[in-house]
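Residue-level listing of the chains:
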Amino acid sequence: MKIAFIIESSWNGGGMERMLSFTANALSDKYDVSVVTAFNEDRPDHFAFAAGVHRHDLGIKRGDFPKPAEIKEEYRKRLSEWLTANRQDTAVSLGSLEMFFLPDIKDGSKKIFWFHFAWNYDMMCAHSITPLKIANTLIGCLKRLRRIRAARRYDAMVVLTEHDRATWQHYVRNVTCIHNPVTITPLPVEDYSAERAVAVGRLDWQKGFDILIKAWSIVARKYPDWQLDICGDGPEREKLEQLAAALHLSGKVSFPGNISNMAGAYSKHSLMIMSSRYEGFGLVLVEAAACGLPLVAFDCEQGPSEIINSGQNGFLVSPAGDTDKLAEAIMQLTADEDKRRQMGTAAKEMAEEFEPDKITRQWYDLFEHIATEK
């Protein structure tokens, strides 16, 4: 079976690109897998592909096409030519620009839409476009409607959570939930008495690190020896550093940047916190759990509730964005080493459901099912 994954570019080090690399590599043991990009412009893939994965970039330079419509049309033309010349059984869009025209390409392949973001993604992102609430809502609704119209034209759709599957199936047929797998090699927590908590993610509004820092100022008053490490980088780094300084958290909150060995970083902490306002899934929770860390996260609509059994392997905090309740949940764990150990053990057991082999078998099942559908 020949399968092509299609994405605008693969040079960025985001979660979507990471999952593409893992999935393509895993499936290449059984299938003939290609990854097709449009706009890499000689930039290398951020995440490596296995020798068995065929790579092709369509060679489009955005600067050559001043109008968005011209870029889209050139992308459609070159992708159509490639799919026609290199017949595939299934073509998978990762939800970039090709999402809107891939079903129009009559190359004989089945079409799958693999959506890496939450159902309410557009509504949550609209805040950064305009400060006006009415405009926010309108923009989000229009983007969502456009995506629904595109998704309806695919033979199947893959989402990251059961919550999103249940929502999408009201609008789209043949929706499947395939969770993201653990892609790190877990290292066990070295010492549950370590007074260190970790948070991981891009330093932007979505991840809610501003809320976490405010909550940590409450934690620090009662547990002054505890250290919070916020790993990652992004556009709000300076603002977050200034917030930490203003709350007198110098020496209590650190920003070590991107960490190449996250398994090693997880193992040196005894608590994992995710303060996201919204998520597509929340893979960092599963990674931390695989290393044996107890978890604290906001109960945002997608992701955390499918990972955290509140009171068993960590705590879900509701409503999302509540600083005081986040601080309270964190302090339940900073106060009790035995509870951290107990919940960390339960978290590690939960993470077994996200082992790579189990997730890969779900992809096998999907492709085999799609191949037999008329």
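Bear in mind that the values here come from a model prediction, so they are computed numbers and not experimental data.

Enquirer: Would you mind going over the sheet that holds strand β3 (residues 53-57) with me for this structure?
Expert: Backbone-to-backbone hydrogen bonds pair the strands of a sheet. The strands run either parallel or antiparallel. Judged by pairing direction, the sheet is parallel, and its seven strands sit side by side in the order β3-β2-β1-β4-β5-β6-β7 without closing on themselves. Because the sheet does not close on itself, it has two edges, and the strands there are β3 and β7 (175-177). When the angles between neighbouring strand axes are averaged without regard to direction, this sheet yields 20°. Relative to strand β1 (residues 2-7), helix α1 (residues 15-27) is tilted by about 170°, and along the sheet it contacts β1, β2 (32-37), β3 and β5 (110-114). Of the strands in this sheet, β1, β4 (90-93), β5, β6 (156-159) and β7 are in contact with helix α12 (residues 356-372), which crosses β5 at around 145°.

Enquirer: I keep staring at a negative patch on the surface and nothing clicks. Help me out?
Expert: A surface patch of like charges, here negative, comprises Glu-349, Glu-352, Glu-355 and Asp-357. On the secondary structure map, Glu-352 appears in the loop between α11 (337-351) and α12. Judged by its relative accessible area of 41%, Glu-352 falls in the partly exposed class.

Enquirer: Sorry, what's going on with the nonpolar core here?
Expert: In terms of nonpolar packing, the biggest core is built from 58 residues, with Phe-5, Tyr-266 and Met-272 touching the most fellow members. The element that contributes the greatest number of residues to this core is helix α9 (residues 283-290), accounting for seven residues. Apart from residues lying up to four places away in sequence, Phe-5 is in contact with Leu-20, Thr-23, Ala-24, Leu-27, Val-33, Ser-34, Val-35, Val-36, Val-92, Leu-94, Trp-114 and Phe-367. Trp-226, Leu-271, Ile-273 and Met-343 belong to the second largest nonpolar core, which has 35 residues in total.

Enquirer: Teacher, can you tell me more about the pairing of strand β11 (residues 271-274) here?
Expert: On a regular strand, each side chain points to the face opposite its neighbour's, so the side chains alternate between the two faces of the sheet. In β11, alternate side chains face the same way, and those of Leu-271 and Ile-273 on one face and Met-272 and Met-274 on the other are all buried. Direction of pairing for strand β8 (residues 196-200) relative to β11: parallel, over a ladder of two bridges. Along β11, the bridge assignment pairs Val-198 with Met-272. With α9 bridging β11 and its parallel neighbour strand β12 (residues 295-298), the resulting β-α-β unit is right-handed.

Enquirer: Can you walk me through α1 in this structure?
Expert: Because an α-helix completes one turn every 3.6 residues, residues spaced three or four positions apart along the sequence face the same direction. Under the 1.5 Å per step criterion, the end-to-end length of α1 is 18 Å for 13 residues, consistent within 8% with the ideal 18 Å. Along α1, 10 of the 13 residues are buried, which leaves the element largely enclosed by surrounding structure. Listing the buried residues of α1 in full gives Met-16, Glu-17, Met-19, Leu-20, Ser-21, Phe-22, Thr-23, Ala-24, Ala-26 and Leu-27. Next to the buried residues of α1 lie β1, β2, β3, β5, α9 and α12.

Enquirer: Just checking my understanding: could you explain the sheet that holds strand β9 (residues 227-231) for this structure?
Expert: An order of β10-β9-β8-β11-β12-β13 is seen for the six strands of this open sheet, with the pairing classed as parallel. Pairing within the sheet leaves two strands with one partner each, and these edge strands are β10 (253-257) and β13 (314-317). Across the sheet, the mean angle from the axis of one strand to that of its neighbour is 20°, orientation sign disregarded. In this sheet, β13 lies alongside β12 in parallel orientation, the contact comprising four bridges. Within β13, the residue paired with Phe-298 across the bridge is Val-317.

Enquirer: Please clarify how the pattern of salt bridges should be interpreted in this entry.
Expert: Two side chains of opposite charge can pair, provided their charged atoms sit close to one another. Scanning the model with the defined rule gives 22 salt bridges in all. We note a salt bridge from Glu-81 to Lys-77, for which the minimum N-O separation is 3.3 Å. Here Lys-77 and Glu-81 lie together in helix α2 (residues 68-85), a separation of four residues that amounts to about one turn. Overall, Glu-81 belongs to the partly exposed group, its relative accessible area being 45%.

Enquirer: Can you help me understand helix α7 (residues 237-246) in this one?
Expert: When α7 is considered as a whole, its buried residues turn out to be Leu-240, Leu-243 and Ala-244. The buried residues of α7 occupy one face: seen down the axis, they fall within an arc of 100°. For α7, the exposed residues lying more than 90 degrees away from the buried face are Glu-238, Lys-239 and Ala-246. Residues of α7 that are buried make contact with α6 (209-222) and β10. Two residues or fewer past α7, His-248 is found with a positive phi of approximately 60°.

About the cut-offs
Residues numbered from 1 in each chain as written. Predicted model: local features only at pLDDT ≥ 70, side-chain atom pairs only at ≥ 80, totals over all residues. Heavy atoms only, no water. Pairing = 2+ DSSP bridges. Helix = DSSP H or I, 4+ residues; strand = E, 2+ residues; numbered from the N terminus. Axes fitted to C-alpha atoms, helices over the stretch in contact; angles between N-to-C directions. Contact = heavy atoms within 4.5 Å. Patch = residues over 30% accessible without salt bridge, like charges linked within 9 Å, V, L, I, M, F, W, Y side chains within 5 Å. Areas by Shrake-Rupley, 256 points an atom, 1.4 Å probe, with all protein chains shown as cover. Salt bridge = Lys/Arg side-chain N within 4 Å of Asp/Glu carboxyl O. Lys, Arg positive; Asp, Glu negative; His and termini not counted. Charge placed at Lys NZ, Arg CZ, Asp CG, Glu CD. Buried < 20%, exposed > 50% of the residue type's maximum accessible area, 1.4 Å probe, protein only. Core = buried A, V, L, I, M, F, W, Y, C linked by side-chain atoms within 4.5 Å. Right-handed = clockwise from strand over helix to strand, strands pointing away. Expected span 1.5 Å × (residues − 1). Arc of directions from axis to C-beta.

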